[in-house]
Amino acid sequence: DKFTSRRWFGALAGLGGLGLLAHNAQAQGGMWGGGGHWGRGGAHSPEEMAQMLDKRIAQMLEKVGGTPEQKTRLMQLAQTAMTDMKPLREQHMAARKKGMELLTAQSIDRAALERLRQEQMTAAAAMSQRMVQHMTDAAEVLTPAQRTQLATHMKERMERGGRHGRAHGWWGLG
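Residues numbered from 1 in each chain as written. Predicted model: local features only at pLDDT ≥ 70, side-chain atom pairs only at ≥ 80, totals over all residues. Heavy atoms only, no water.

Caption draft 1: Molecular detail of the nonpolar core. Core analysis: the biggest nonpolar cluster contains 17 residues, and I57, M60, L61, L74, L142 and L150 have the highest contact counts within it. Taken together, the elements giving at least two residues each to this core come down to helix 3 (46-64), helix 4 (68-103), helix 5 (110-141) and helix 6 (144-159). (Core = buried A, V, L, I, M, F, W, Y, C linked by side-chain atoms within 4.5 Å. Buried < 20%, exposed > 50% of the residue type's maximum accessible area, 1.4 Å probe, protein only. Helix = DSSP H or I, 4+ residues; strand = E, 2+ residues; numbered from the N terminus.)

This is the structure:
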């Protein structure tokens, strides 16, 4: 039914944290983030990122009655997502730098800016495709009942205001 479909999609979106990990973990200040979504300032080492991932996944699984096997699999998927998304993130950061160079040049090269925009649209589509793949992989680790529980929890968090009307933290658990 329509409501169940929305709840499942909400759970899938919640699992988007696995696909978004690579993007947000690297969002500010270099490969391992800093500032940005993690919001604690400073770049994070791979070990710190693994600890944060472990905590977030453990929180999510606690809410839905997950198993140690599910935690192991979700951690593997999160690490794979980070590795997989790294080149796309690096490409995005290089394009951002190029865009600033083009916009601050003595004369504006509209054709170059348009080419850069088109390249970024292609890159965004690739990133989106990969994120959906990672979200789907993560969703398959959970049972339908767990996905429904996760969606319900996220919906409640969002209704309470969460973080600016969005679920707070990964999977709406932070």
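Caption draft 2: Here's a closer look at the pattern of salt bridges. Within this structure, the stated rule accounts for five salt bridges. Across the pair K71 and D54 runs a salt bridge whose closest N-O atoms are separated by 2.9 Å. Pair noted here: K71 is in helix 4 and D54 is in helix 3, with a separation of 17 residues, a long-range link. Given a relative accessible area of 25%, K71 falls into the partly exposed group. Between E159 and K155 there is a salt bridge, with its nearest N and O atoms 2.8 Å apart. Taken as a pair, E159 and K155 lie in helix 6 at a separation of four residues, close to a single helical turn. Under the relative-accessibility criterion, E159 is labelled exposed at 58%. (Salt bridge = Lys/Arg side-chain N within 4 Å of Asp/Glu carboxyl O.)

Caption draft 3: The arrangement of a nonpolar patch on the surface in detail. On the surface, a cluster of nonpolar side chains totalling about 310 Å² of accessible area is made up of M100, L103 and I108. Relative to the elements of secondary structure, I108 occurs in the loop between helix 4 and helix 5. Classification of I108 by relative accessible area gives partly exposed; the value is 45%. (Patch = residues over 30% accessible without salt bridge, like charges linked within 9 Å, V, L, I, M, F, W, Y side chains within 5 Å. Areas by Shrake-Rupley, 256 points an atom, 1.4 Å probe, with all protein chains shown as cover.)

Caption draft 4: Focus on the packing of helix 3 against helix 4. Contact pair helix 3 / helix 4: the axes reach a minimum separation of 10 Å and the direction vectors enclose 135°. Relative to helix 4, the element helix 3 is oriented oblique. The way helix 3 lies across helix 4 gives a crossing that is right-handed. Between helix 3 and helix 4, the residues in contact are M49, A50, L53, D54, I57, A58, M60 and L61 and Q70, K71, L74, M75, A78, Q79 and M82, respectively. (Axes fitted to C-alpha atoms, helices over the stretch in contact; angles between N-to-C directions. Parallel < 35°, antiparallel > 145°, perpendicular 65-115°, else oblique. Left-handed = near helix turned anticlockwise from the far one by under 90°. Contact = heavy atoms within 4.5 Å.)

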